[in-house]
Amino acid sequence: MSKSIDKITSTAVPVHLENVDTDQIIPARFLKATTRDGFGDNLFRDWRYNSDGTPKKDFVLNNPIYSGKILVAGKNFGCGSSREHAAWAIKDAGFDVVVSSFFADIFSNNALNNFLLPVTVSEEFLQKLFTAIEKDPKTIIAVDLAAQTITLGGRSETFGINNYKKTCLLNGYDDIDYLLSIRSDIEEFERSH
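Reading the values: rules and limits
- Residues numbered from 1 in each chain as written.
- Predicted model: local features only at pLDDT ≥ 70, side-chain atom pairs only at ≥ 80, totals over all residues.
- Heavy atoms only, no water.
- Helix = DSSP H or I, 4+ residues; strand = E, 2+ residues; numbered from the N terminus.
- Rg over C-alpha atoms; globule rule 2.2 N^0.38 Å.
- Contact = heavy atoms within 4.5 Å.
- Areas by Shrake-Rupley, 256 points an atom, 1.4 Å probe, with all protein chains shown as cover.
- Lys, Arg positive; Asp, Glu negative; His and termini not counted.
- Charge placed at Lys NZ, Arg CZ, Asp CG, Glu CD.
- Phe/Tyr/Trp six-rings, centres within 6.5 Å; stacked < 30°, edge-to-face > 60°.
- Buried < 20%, exposed > 50% of the residue type's maximum accessible area, 1.4 Å probe, protein only.
- Core = buried A, V, L, I, M, F, W, Y, C linked by side-chain atoms within 4.5 Å.

A. Quick look at the overall build of the chain. Along the backbone of the chain there are 8 helices and 8 strands. The globule rule puts the C-alpha radius of gyration for 193 residues at 16 Å, and the 18 Å found for the chain is close to it. Along the first, second and third principal axes, the C-alpha set of the chain runs to 65 × 45 × 25 Å. Across the chain, the fraction of contacts at a sequence separation of at least 24, relative to all contacts at a separation of at least 6, is 65%. Looking at the chain as shown, the accessible area adds up to about 10000 Å², and 49% of this sits on carbon and sulfur atoms. In the chain, 21 side chains carry a positive charge and 26 a negative one; their mean positions are 4 Å apart.

B. Representation of the packing of aromatic side chains in the model. Scanning all chains against the criterion turns up 7 aromatic pairs. An angle of 15 degrees between the planes, with centres 6.0 Å apart, marks the rings of Phe103 and Phe107 as stacked. Residue classification places Phe103 among the buried positions, given a relative accessible area of 5%. We classify Phe107 as buried; its relative accessible area is 2%.

C. Fine view of unusual backbone geometry. You will see that Asn76, though not glycine, has its phi angle at about 65 degrees, which is positive. As for its position among the elements, Asn76 is in the loop between β3 (70-73) and α3 (84-92). Relative accessible area serves as the criterion here: at 19%, Asn76 is assigned to the buried category.

D. Expanded view of the environment of Thr120. Looking at the element boundaries, Thr120 is found in strand β5 (residues 117-120). Aside from chain neighbours lying at most four places away, what touches Thr120 is Ser100, Ser101, Phe102, Phe103, Thr158 and Phe159.

E. Region of the structure containing the nonpolar core. Core analysis: the biggest nonpolar cluster contains 53 residues, and Phe77 and Leu117 have the highest contact counts within it. For this core, the element with the most residues is helix α5 (residues 123-135), which contributes 6 residues. In this structure Leu117 touches Ile5, Asp96, Val97, Val98, Leu112, Val143, Leu145, Phe159, Ile161 and Leu169, once residues within four positions along its chain are discounted.

Next comes the structure, spelled out in C-alpha cells:
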C-alpha cells in the first residue's frame, strides 16, 4: 500500500448518494478480519452485489467506464458508527482520495490515519464534479496536497487539512514514523532540559 500522497491526477468514480454511512461502506459482517487486506472486495458490498454474489449491473463500481484513484461522494459521507474498516476498504479498493462536501469527523480522522485523503469541497463544486464525471467518465481531476487544491478543468478550490496530518501524508508517516523523523530534535530537547 502506497502511503505518501502528494499529487493525485486521475479519473474518478462517482457515488452520487448522500448520507452514506460506514455500514454501507463496509457492512459489519465483514469486520472479523484483523488485517487490512481484502476489505476492498467488500466495499459497498450490499449495493454492489446481489445476495448470490453476482454483481449488480446498475452500481457504479461495477460499471467499467468508471475508474480511478478518486472517489467522489455525496454530502455527509462516512456517517454512522466509528469504523476504521471503512477507510481500509476504500484504500484497499485502490482509492487515494475521497471528495465530498461534508465528512463525518470520525471517518475523516480514520481516513487520514490510513493514508486516504478526504477532500472537502463546496456543494457547488461537488455538483460540478458529478456533472463532469457523469457526462465524461474520462474527466481528469487533480488534487495537490501541498498546495491544498483540487482542480477540475480550469476551476480550482482549496481545501483544509490539519498541518500535522498534511506533513504525515506528504511523507508517508504514521504517528511513530513522524516521531522517528524528529528524533534528533527530541534528543536535543532532552539534553537541553
